[in-house]
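One-letter residues, chain by chain:
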Amino acid sequence: MIDILPQAVQACCDTLRAAGYAAFPVGGCVRDLLLGRTPGDWDITTAAPPEAVMARFSRTVPTGIRHGTVTVLLDGMALEVTTFRRETGYADGRHPDHVIFIPSLEGDLARRDFTINAMALGADGQIIDPFGGQGDLATRRIRAVGEPALRFREDGLRILRAARFAAQLDFIIEPDTAAAMRALADRLEAVSGERICAELEKLITAPHPERGGPLVPDGLPERLFPTGKSAGSVPLARLALLEPDGLCRWAGLAALTGLSPTRLPMEKRVVRAVELGLTLPPLDGELVCLHALRACGVDACRAATAAWDARTGTKKHSTALRAALCSGMPWKLADLDLTGRDLLRAGLRGPEIGAALSALLDHVVEHPEDNRRTHLLTLVTQQRKIWTNRA
């Protein structure tokens, strides 16, 4: 029994119920409450049609009104409120061809992907659980609602979602559900690269990425992941050694599988950093790290150390990089104990200043004890002709 809800969630449900419509918190928020986690999002399912929802709240957004979804903005929260519905036909492997509003909560729960996401919270605080989600939470397993193959034919991305939930929650995937995932892996071919990458990033940044092993890279679309490696040969547990952010985990996955980040519709900053990081040698000492930081920047070095840690199953390289970053040793222009204005006063002009700054930084990376303004200006005087010729 759950009797404490955020004020906005309670107010939204109370308003709909006062107007004569059933309303229930539903899905992932109920799952998270039962697991003792703080829900990131709150969804409400209701018998009220979209127009009735919009009429009862002053601030709403018709997010997906054709499919019965209205976002209610209340007390600083954005609540997705969706009318009880049944879905038929998935010609594009993602969207239902037809949405039919229905009067039954159980009918609405029956369309959902997994039992742990097919629970609702009643007005009395009791869990409404017609498909055994609480039992699956207790036994730590992911199980499709109803016929697994039907759920995955409706939306191929659910195959990755199952693996992602297993990785996030440290659950196992129930055998019939896992078998359907393998049998219907080609359904992912119909899913956009953006959706696949977003879901896969949640999986690989989860605490237990090895739980997604049966799907990475097996079954992933050849257009995105032409690696040819079997999942059994990829030690995904090593990803858990890495920092849990997209940049490091993508670099680790690329190092383990051979996938090319340039094929993936990810943030360009991440793609560039991972691509460059994969070309760097092992960064396993402070001086090596400082030179790499000087040449390539932090992102590429983080990607490189993540890749090498994934390959070796250690934290050696990321530890070395962290030590270099915390050492206070100079590796970027801002670390120099002089500026371009100092060089301007010393008589340098235009491109000469940039060439001299670059040369000085190269020098102090090797000789940090020389990073003193007076000494650097002396070096400029001594080496000016050589350095400015580079400009």
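Residues numbered from 1 in each chain as written. Predicted model: local features only at pLDDT ≥ 70, side-chain atom pairs only at ≥ 80, totals over all residues. Heavy atoms only, no water.

Draft legend 1. Local environment of the packing of helix 10 (residues 246-257) against helix 13 (residues 298-312). Viewed as axis vectors pointing N to C, helix 10 and helix 13 meet at an angle of 45°, and their least axial separation amounts to 8 Å. Judged by the inter-axis angle, helix 10 sits oblique to helix 13. As for how helix 10 packs across helix 13, the hand of that crossing is right-handed. For the pair helix 10 and helix 13, the contacting residues are L247, C248, A251, G252, A255 and L256 in the first and D299, R302, A303, A306, A307, A310 and R311 in the second. (Axes fitted to C-alpha atoms, helices over the stretch in contact; angles between N-to-C directions. Helix = DSSP H or I, 4+ residues; strand = E, 2+ residues; numbered from the N terminus. Parallel < 35°, antiparallel > 145°, perpendicular 65-115°, else oblique. Left-handed = near helix turned anticlockwise from the far one by under 90°. Contact = heavy atoms within 4.5 Å.)

Draft legend 2. Region of interest: the nonpolar core. Residues I142, L160, L200, W250 and L253 are the most contacted members of the largest nonpolar core, which totals 79 residues. Listed in part, the 26 residues of the second largest apolar core include A304, L360, V364 and L379. (Core = buried A, V, L, I, M, F, W, Y, C linked by side-chain atoms within 4.5 Å. Buried < 20%, exposed > 50% of the residue type's maximum accessible area, 1.4 Å probe, protein only.)

Draft legend 3. Layout of the pattern of salt bridges. Within the structure shown, the criterion is met by 22 salt bridges. Linking R158 and E154 is a salt bridge whose minimum nitrogen-to-oxygen distance equals 2.6 Å. Residue E154 is classed as buried on the basis of its relative accessible area of 9%. One connected set of salt bridges, linked through shared partners, spans R31, D32 and R37. (Salt bridge = Lys/Arg side-chain N within 4 Å of Asp/Glu carboxyl O.)

Draft legend 4. Expanded view of the packing of aromatic side chains. Under the counting rule described, the total for this entry stands at 3 aromatic pairs. Ring centres 6.3 Å apart and planes at 25° place the aromatic pair F24 and F84 in the stacked group. A residue pair is termed long-range when its members are at least 10 positions apart, and F24 in strand 1 (residues 23-26) and F84 in the loop between strand 5 (77-83) and strand 6 (85-88) qualify at 60 residues. We classify F24 as buried; its relative accessible area is 13%. (Phe/Tyr/Trp six-rings, centres within 6.5 Å; stacked < 30°, edge-to-face > 60°.)

Draft legend 5. A look at the confidence of the model for the protein chain. On average, residues of the protein chain score 91 in pLDDT, and 93% of them are at 70 or above. The lowest-confidence element of the protein chain is helix 17 (residues 373-390), averaging 80 in pLDDT; the highest-confidence one is helix 5 (residues 133-138), averaging 98. (pLDDT = per-residue confidence, 0-100.)

Draft legend 6. Looking closely at the pairing of strand 4 (residues 69-74). With 5 of 6 residues buried, strand 4 is to be regarded as a mostly interior element. Alignment of strand 3 (residues 60-64) against strand 4, held across 3 bridges, turns out to be antiparallel. Looking at strand 4, one finds that G64 is bridged to T69. The pairing of strand 4 with strand 5 spans 6 bridges and is classified as antiparallel. Bridge assignment links T71 to a residue of strand 5, and that residue is E80. Linking two consecutive strands that pair antiparallel, namely strand 4 and strand 5, is a turn of 2 residues; a positive phi of about 50° is found at D75 within it. (Pairing = 2+ DSSP bridges.)

Draft legend 7. Structural detail: the side chain of N371. With respect to the helices and strands, the residue N371 is situated in the loop between helix 16 (351-366) and helix 17. Accessibility expressed as a relative area gives 18% for N371, which makes it buried. One polar contact links the side chain of N371 to the main-chain carbonyl oxygen of D335, over a distance of 2.9 Å. In this structure, N371 is in contact with P330, D335, L336, D337, V364 and L376, ignoring residues within four places of it in sequence. (Polar contact = N/O pair within 3.5 Å; in protein donor to acceptor, adjacent residues only side chain to side chain.)

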